[in-house]
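Letter by letter, the chains look like this.
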Number of protein chains: 2
Amino acid sequence: MNFEEPETSADVVSTVLNRAAAAAKIWSHTDAGDRLRVLLAVADALDEHSEELVRLAAQESHLSVARLTGELVRTVFQWRYLAEAATQPHTYGALIDEPDADWPAGAPRPDLRRWSIPLGVVVNFEASNFPFAFGAPGGDTAAGLAAGCPVVVKIHPAHSRLSIRVLDISAEALTSSGAPDGLLSGIEGRRAGVAVLTNPVVKAATFTGSTEVGRALFDIANSRPEPIPFYGELGSVNPVFVTAEGSAANVDDIVDGFLTAVTASAGQLCTKPGVLVVQDGSALHQRLRTAVLPSPGDFLTDQLKAGFLNAVASVEAAGVSSRLAGSDEPNPEAVLLEVRAEQFLAHFGDMFVECFGPAAIVVTYTTDDEIIALAQRIQGQLTASIFGAPTDHLVEPLLAVLIDRAGRLLWNQWPTGVSVTDAQHHGGPYPASTDPRTTSVGRHALGRFLRPIVFQGFPEELLPRQLRSPQ
Amino acid sequence: MNFEEPETSADVVSTVLNRAAAAAKIWSHTDAGDRLRVLLAVADALDEHSEELVRLAAQESHLSVARLTGELVRTVFQWRYLAEAATQPHTYGALIDEPDADWPAGAPRPDLRRWSIPLGVVVNFEASNFPFAFGAPGGDTAAGLAAGCPVVVKIHPAHSRLSIRVLDISAEALTSSGAPDGLLSGIEGRRAGVAVLTNPVVKAATFTGSTEVGRALFDIANSRPEPIPFYGELGSVNPVFVTAEGSAANVDDIVDGFLTAVTASAGQLCTKPGVLVVQDGSALHQRLRTAVLPSPGDFLTDQLKAGFLNAVASVEAAGVSSRLAGSDEPNPEAVLLEVRAEQFLAHFGDMFVECFGPAAIVVTYTTDDEIIALAQRIQGQLTASIFGAPTDHLVEPLLAVLIDRAGRLLWNQWPTGVSVTDAQHHGGPYPASTDPRTTSVGRHALGRFLRPIVFQGFPEELLPRQLRSPQ
């Protein structure tokens, strides 16, 4: 994507990083109770300004007020939720091994006490598609701060006015609640982003966006003299497999759910189902042929729209698909293509690359082997879904294949909508995530910014309070 | 290091990987109870052959029989310990979020159930210095298998006969206990090692060795089309800081402990204390000047000895150190150098690079500022130690600096000896580890080979047994 971005000057970047480094020294030792108080103050401030922020976001992103209002509720909840999680000792993996002279490992066991500490300054590269939930006030920012890390936000040019306003509102709340100066700041521009990512003060990075940009940043993070963890969410097709039973049942519900999931927010969701695998000639297949696609609304940016049209054109250029529904105009609002499994496997290799916008491919299969072969070819995914009945003979073999390829598996549900909960896992094998062991949503998102440390043989008075022996 | 290594042929590498991939399909679904049985069979087999294995290891490594016997006890314990850990549900982070219509995140919470699954085939690059504990039968192999991953061992040429024998003994135990074919195998040669590391079937790598080789392999792992987690332990100086109180107390104990830690196993330990920081003119300093170094024994290989002599020569070439003890011959058995803090900071930058062998530098400080400045300059370390009294005014500021630079902090203890326990953390900021969030020793070593997955909205009968609702 080629946005014209203003560039934060090298001097300002340097000041931002110096202040963040100074903040790290204070914030990493700030009690979780005090961190909770500070983060709740930011949540309250975002809440108080919700009308203004949603209005700004709608202007810049072209997303609907309803969608943005819901997203901000979720985002504010996330601050409160993660701040609360940071007060729980089990978030830090607290463990005490007392000395054991008879430990059977060949030598006595010393007194070992395990805890976790914040990694240091985090840079969060904003996404374009969720100005709140994966933007300046998003989960990566909240998780970093909750874990005890200052955060520098690389502002996305698609909604920079919003992000600057969010950072201003947050700064006020941070200052008035006693947070250290420089705890949360923003920078603009690609050069500035790389300067931050390569600065030794920065110890972790987060990113949500395209595979191309994400991989380039991942490579930079890993080629530093001191490589740092890079948590990137790069791309996912989120395939949905409908077994024979699924094809027969609730055909209208499936079609409605699918078309909504494909067109919601103009299809610009990381969990949009880009491929729907259905039985050839089934009732569902027939019904899809006459489906009318809802209007998807405007794109976030003109660049994204151009990229979307290119992607659709290149799929169509293979000459193996036909349009199922939607307009036939040269500048379509939403596109549904149909292709046979055999052709799909022959032309689109490891499933088709994520097409960011209101498009999906319906792939038709005739044999069990074909649907399993399709499942086997997919790359790492955020999600994979099955619509069917538990007794269907295809369900077990499909699950066995999909479990190795996705971070979240869904049963008779659509993957859009990622609940912020304890058990949530929003990640998956590459390219869904650059680190399949981590999630960017939910309680475990916080752990990405911590590292363990163990104290051996320390007297009680020198240990962190949480590692002292119970009295 | 330039060993002449036999090269496993490309055909054999391909067969090894095909068999490992086939084994992954079975082993990843093998119940933890069955995995426990299989791993205990290997532990028993290693135990039964301990005399033969220690004899072989002593021939190839020049390490003492006593040291190798202890190492094998620890290694066998590790198999039993990790196999047992793999049967515990909390190893997999099991979590159930039940549906909640009133979940305050803006939308109802669905039924989400979190579990962890094995990453897939693991390649374990053997270390030279621990033929058992970080070799073919070492913690990385045991942790990978316990987590449900087949393991391919890249055999180290310094003790290849031992590793081949270990793999033969293990293979017999694996077969007779019903493990899938191809679960554990070995390959030799650098080309073969890279071929395995870059094969798409392989999903994680472990390494213990030099920063140079480790970083090269890390870069390869990250430049794959699908990057994979690379768990490398690359280098550590393990600095020890003695405060004024520490300098006065137990001088003889400190000197004896230090000299033993520097020369044990010819100083070829990743946790050898390479830098001892002492107060200039203190009783400890005086006593070190007349210390007699124990004989360190032979090097693992001639190449390592040559590398060691070069490293010592390059430190001495700076012309700022003097020999404190040990022989003055051109081919010294063990070397202790003394240098003033100011000179050390000026010439050895971010502390001196790990010198693999029986050498250490005693750095003398005169002011509080000097000892803190030394602590501030160190790179990431596996360990950092303080010898002192809790009331010493230097202890708190030293701890505040060292906590950000090491994975394990020790109090009046030496860092050699890494206990296999639940709380252990053997890792640290780069270059001590390429992933500061992970440990290669202890219970958490197993988690490196798992990734989370969440099931949304599944009926009980389709869920893994451990995620079904309690009856």
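Please refer to the structure higher up on the page.
These remarks concern the structure in this document.

What counts and how
- Residues numbered from 1 in each chain as written.
- Chains lettered and ligands numbered in written order.
- Predicted model: local features only at pLDDT ≥ 70, side-chain atom pairs only at ≥ 80, totals over all residues.
- Heavy atoms only, no water.
- Core = buried A, V, L, I, M, F, W, Y, C linked by side-chain atoms within 4.5 Å.
- Buried < 20%, exposed > 50% of the residue type's maximum accessible area, 1.4 Å probe, protein only.
- Contact = heavy atoms within 4.5 Å.
- Least-squares fit on C-alpha atoms with pLDDT ≥ 70 in both.
- 1 Å grid on protein atoms, 1.4 Å probe; cavity = no way out; pocket = protein on both sides within 12 Å on 5 of 7 lines; lining within 4 Å.
- Points joined across faces, edges and corners; volume = space filled by probe spheres on them.
- Helix = DSSP H or I, 4+ residues; strand = E, 2+ residues; numbered from the N terminus.
- Nonpolar A, V, L, I, M, F, W, Y, C, P; charged D, E, K, R; others polar.
- Pairing = 2+ DSSP bridges.
- Right-handed = clockwise from strand over helix to strand, strands pointing away.
- Buried area = accessible area lost by both parts, 1.4 Å probe.
- Salt bridge = Lys/Arg side-chain N within 4 Å of Asp/Glu carboxyl O.
- Polar contact = N/O pair within 3.5 Å; in protein donor to acceptor, adjacent residues only side chain to side chain.
- Axes fitted to C-alpha atoms, helices over the stretch in contact; angles between N-to-C directions.
- Parallel < 35°, antiparallel > 145°, perpendicular 65-115°, else oblique.
- Left-handed = near helix turned anticlockwise from the far one by under 90°.

Some remarks on the nonpolar core
- Within the largest apolar cluster, 228 residues are counted, with the highest numbers of intra-cluster contacts made by Val363 and Leu409 of chain A together with Val363 and Leu409 of chain B.
- In contact with valine 363 of chain B, not counting residues within four places along its chain, are Val275, Leu276, Val277, Val278, Val339, Arg340, Ala341, Phe344 and Leu374 of chain B.

Considering the relation of the copies chain B and chain A
- Superposing chain B onto chain A requires a rotation of 180° together with a translation of 0.0 Å along the rotation axis, leaving an RMSD of 0.0 Å. Expressed as a symmetry operation, the mapping of one chain copy onto the other fits a two-fold axis. Across chain B, the rotation axis passes nearest the C-alpha of asparagine 222 of chain B, at a separation of 3.7 Å.
- The overlap is high: 100% of the interface residues of chain B also sit at the interface in chain A, so the same surface is used on both sides.

Some remarks on empty space enclosed by the protein
- In this structure the tally under the stated criterion is six cavities of 30 Å³ or more.
- Each pocket or cavity is described by its volume, and for the largest cavity that value is around 290 Å³.
- At the level of secondary structure, the elements contributing two or more residues to the lining of the largest cavity comprise helix H8 (211–223) of chain A together with helix H8 (211–223) and strand S7 (230–233) of chain B.
- Here the residues of the lining of the largest cavity are counted per class, giving 13 nonpolar, four polar and four charged.

Section: the pairing of strand S4 (residues 151–155) of chain B
Residues and elements named next belong to chain B.
- Most of S4 is tucked away: five of the five residues are buried.
- Neither face of S4 is left uncovered, since the one carrying Val151, Val153 and Ile155 and the one carrying Val152 and Lys154 both have all their residues buried.
- Here strand S3 (residues 121–125) runs beside S4; their pairing, made up of four bridges, is parallel. When the sheet's bridge partners are listed, valine 123 is paired in S4 with valine 152.
- The parallel pair S3 and S4, bridged by helix H5 (residues 139–147), forms a crossover whose chirality is right-handed.
- Two elements, S4 and strand S5 (residues 184–188), share five bridges in a ladder whose sense is parallel. Paired with valine 152 across the two strands is serine 185, which belongs to S5.
- Handedness of the crossover is the feature at issue here: the chain leaves S4, passes through helix H6 (residues 160–176), returns alongside S5, and the resulting connection is right-handed.

Here's the deal with the interface of chain B and chain A
- Taken residue by residue, the interface counts 67 residues in chain B and 67 residues in chain A.
- Taking both partners together, chain B and chain A bury about 6,000 Å²; carbon and sulfur atoms supply 62% of that area.
- The largest contributions to the chain B side of the interface with chain A come from Arg437, Arg451 and Gln456 of chain B, which together make up 12% of the buried area.
- The tally of links from chain B across to chain A stands at two salt bridges.
- The shortest N-O distance in the salt bridge between arginine 437 of chain B and aspartate 435 of chain A comes to 3.2 Å.
- At the junction of chain B with chain A, the criterion picks out 39 residue pairs in polar contact (both at pLDDT 80 or more).
- Contributions of two or more residues to the side of chain B that touches chain A are made by helix H4 (65–85), strand S1 (95–97), strand S2 (112–118), H8, helix H15 (395–402), strand S14 (406–411) and strand S15 (450–456) of chain B.
- For the side of chain B that touches chain A, the element with the highest residue contribution is S15 of chain B, accounting for seven residues.
- A class-by-class count of the residues in the side of chain B that touches chain A yields 37 nonpolar, 13 polar and 17 charged.
- Bridge count for strand S14 (residues 406–411) of chain A against S15 of chain B is three bridges, and the pairing is parallel. From the neighbouring strand, leucine 409 of chain A faces S15 of chain B, where its bridge partner is phenylalanine 455 of chain B.

Looking at the sheet that holds S7 of chain B
Residues and elements named next belong to chain B.
- With respect to topology, five strands assemble into an open sheet ordered S5-S4-S3-S6-S7, the strand pairing being parallel. Pairing within the sheet leaves two strands with one partner each, and these edge strands are S5 and S7. Sheet twist, expressed as the average angle between the axes of neighbouring strands with direction ignored, equals 15°.
- Most of the contacts of H6 go to S5, to which it runs at about 160°, and overall it touches S4 and S5.

Brief notes about the packing of helix H2 (residues 32–48) of chain B against H6 of chain B
Residue and element names in this part refer to chain B.
- Between H2 and H6, whose axes approach to 8 Å, the crossing angle comes to 135°. When the interaxial angle is binned, H2 and H6 end up oblique. For the pair H2 and H6, the crossing hand works out as right-handed. Each of Val38, Ala41, Val42, Ala45 and Leu46 in H2 lies in contact with H6, whose residues at this interface are Val166, Ile169, Ser170, Ala173 and Leu174.
- Of the residues assigned to the contact of H2 with H6, the class counts are nine nonpolar, one polar and no charged.

Some details on H5 of chain B
All names here are of chain B.
- Taking burial as the measure, the nine residues of H5 include nine buried ones, the bulk of the element.
- All buried positions along H5 are accounted for by Gly139, Asp140, Thr141, Ala142, Ala143, Gly144, Leu145, Ala146 and Ala147.
- Glycine 148, located one to two residues past H5, shows a positive phi value of around 105°.

Shape is all these values report; function is a separate question.
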